[in-house]
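Here is what each chain is made of, one letter per residue.
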Amino acid sequence: MPTKPSTKLWGGRFNSEITTETEDFTQSIEVDSRMVAHDIWGSQAHAIMLARVGIISDEDLRQILRWLGKAEEDFRDGKFFLKPEKEDVHMNVESYLIEGAGREYGGKLHTARSRNDQVLVDAHLVTREQILRTQEGTSRLCRVFLAIARCHVETVMPGYTHTQHAQPISLGFWATAYVSMFIRDLKRLDAAYALANMNPLGACALAGTSFPIDRHLTTKLLGFDAVHEHALDVISSRDFIAETLFALSMLMSNLSRLGEEIVYWTTYEFGMAVLDDTYAFGSSIMPQKKNPDIAELTRGRCGRVYSALLDLLTNLKGLPLGYNRDLQEDKPPLWDAFDVVQSCLGVLPGLLETIDFKTDRMAELANANFATATELANYLVREGGLAFRECHEIVGGIVGDLVKMGKTFKDWEETQQLLQNRGINLAIPELQRILDPKLALHSHRSLGGTSPTEVRRMVDGFEGKLDELEAQIRTRQDGIQAAHQRTLQIIEQVLAGTPIMEANL
Ligand code: ARG
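None of the values given here were measured: they were computed from a predicted structure.

Trainee: Which residues make up the pattern of salt bridges, and what are the values?
Mentor: Applying the stated criterion to the full structure yields 28 salt bridges. Arg238 is the salt-bridge partner of Asp330, the closest N and O atoms lying 2.7 Å from each other. Here Asp330 is found in the loop between α13 (302-317) and α14 (331-354), whereas its partner Arg238 is found in the loop between α10 (231-236) and α11 (239-265), with 92 residues between them in sequence. Both residues of the pair, Asp330 and Arg238, count as buried. For Arg422, the salt bridge goes to Asp401, with nearest N and O atoms at 2.9 Å. Taken together, the residues Arg422 in the loop between α18 (412-421) and α19 (428-434) and Asp401 in helix α17 (residues 388-405) connect sequence positions 21 residues apart. A residue is classified by how much of its surface remains accessible, and Asp401, at 22% relative accessible area, is partly exposed. The network of salt bridges with shared partners includes Glu87, Asp88, Arg115 and Arg325.

Quick look at the structure:
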């Protein structure tokens, strides 16, 4: 065996290099390239803390900060590439620093830190940022639904159960259902954000450290809400990612259901909506085609997000406590899930803003196929003092007879006659009123029902909720930016010669 010393930063005890094949197998450069800026911020905060508590000197800090700044600049300018032979983002940044500042300075950054807490810092920083971005996109989509709802509180359409006509609802009611769902998605993302916005730095390899580090200081510098204290728990846990992936999975499920509805609403058979040409696709062979590919891809990509969750959960289930290299595999599914969800959120608002709802067709369908049968039963309960179950049977019998005769409620004389046969006398105009879908819509005024008054009230409520959520997203984004700015200002002071003890933290 050749006995050339390893060139790795961790290579002290090794006498030979790993093969290129092994290197390729283990490196995470592509995935890590999303975390370069975050890794550098984490290192800046760590270095500032080390100097502030006296673990490294002012000169050490100056050198470290100078070269970390340069690494970031070079990365931005495309002059600093992550090298696979250096394994991951952490080793690349540290190597850059050591090559620039020399080992006597650069080699001190990793005091009282491990890649195990370092990678978590990066992942937490990326996750919280991406959660906020996903929330922004979700809220934007909600706003589009609310605009649709405002225009269509009186637009009657068939509501379905079992994909069979059930009862008339309004298009506005349908639209607000999605908002109601998405607001829960926003809340789930919020819960995930709370876990993501905790500081893992200082857990070190798994046991904390014998150096007198200040974890509260790095928490403040990195804009985290709190310290995630228990070092072994910090290093072992990825539930902040699992929680995020579940929130993304549920959101994606809701987007996929929307996709499904768009697909069949735009069929010739349903004809309830027509896509704008900007959001539709043709066929390479059939010249007449106008396909809902965006809705289909939204539905079709749902599995990718679910599989991300399953991937992570499966990864975690057998892991002993502490860091295990398996955990490196937490990021690819997370990135992919964010990408898929955000790309759907990017395109669906425009699709919905431009879709042409065929309200005449909706009204026609809402008026067909006995969709107001429940109203007739309810009328008999109210006016005839009969038990609902009895009225259900009477109306069911009438529907059955009409179907056998090939007739509908709108064959008024037959309907009237069938009622009369059961001892119920109703004038035709009265019957028409009872079975009018629009009137049925207006009468459903129970809390959360489909009546225009309820839908308007809910739209107002949802708007208020979204205002609050959007304000919170902005506050958080501003908070993160302010924390980053504060770190940069400290760096500026230090590089200008201010001793860290006099720097304004
Ligand atoms: N690239 C690793 C990851 O993503 C970083 C942590 C490596 N730690 C270790 N002891 N090998 O998880």
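Trainee: Provide a residue-level description of the side chain of Thr218, including the pertinent values.
Mentor: As for its placement among the helices and strands, Thr218 is situated in helix α9 (residues 215-221). On the accessibility criterion, Thr218 (1% relative accessible area) is buried. Filtering out sequence-adjacent residues up to four positions away, Thr218 remains in contact with Ala45, His46, Met49, Asn199 and Leu201.

Trainee: Account for the site of the ligand, with residues named and values stated.
Mentor: Taken together, Ser28, Asp88, His90, Arg115, Asn116, Val119, Tyr323, Gln328 and Lys331 form the complete shell of residues around the ligand. Side-chain polar atom of Gln328 to a nitrogen atom of the ligand: 3.0 Å apart, as the coordinates give it. Taking Lys331, its side chain carries an N or O atom lying 2.9 Å from an oxygen atom of the ligand. For the ligand, whose free accessible area comes to 340 Å², the fraction covered by protein is 86%. Here the element with the most residues in the shell around the ligand is helix α7 (residues 115-151); it accounts for three residues. Broken down by class, the residue content of the shell around the ligand amounts to two nonpolar, four polar and three charged.

Definitions and cut-offs
Residues numbered from 1 in each chain as written. Predicted model: local features only at pLDDT ≥ 70, side-chain atom pairs only at ≥ 80, totals over all residues. Heavy atoms only, no water. Salt bridge = Lys/Arg side-chain N within 4 Å of Asp/Glu carboxyl O. Helix = DSSP H or I, 4+ residues; strand = E, 2+ residues; numbered from the N terminus. Buried < 20%, exposed > 50% of the residue type's maximum accessible area, 1.4 Å probe, protein only. Contact = heavy atoms within 4.5 Å. Near = heavy atom within 4 Å. Polar contact = N/O pair within 3.5 Å; in protein donor to acceptor, adjacent residues only side chain to side chain. Areas by Shrake-Rupley, 256 points an atom, 1.4 Å probe, with all protein chains shown as cover. Nonpolar A, V, L, I, M, F, W, Y, C, P; charged D, E, K, R; others polar.

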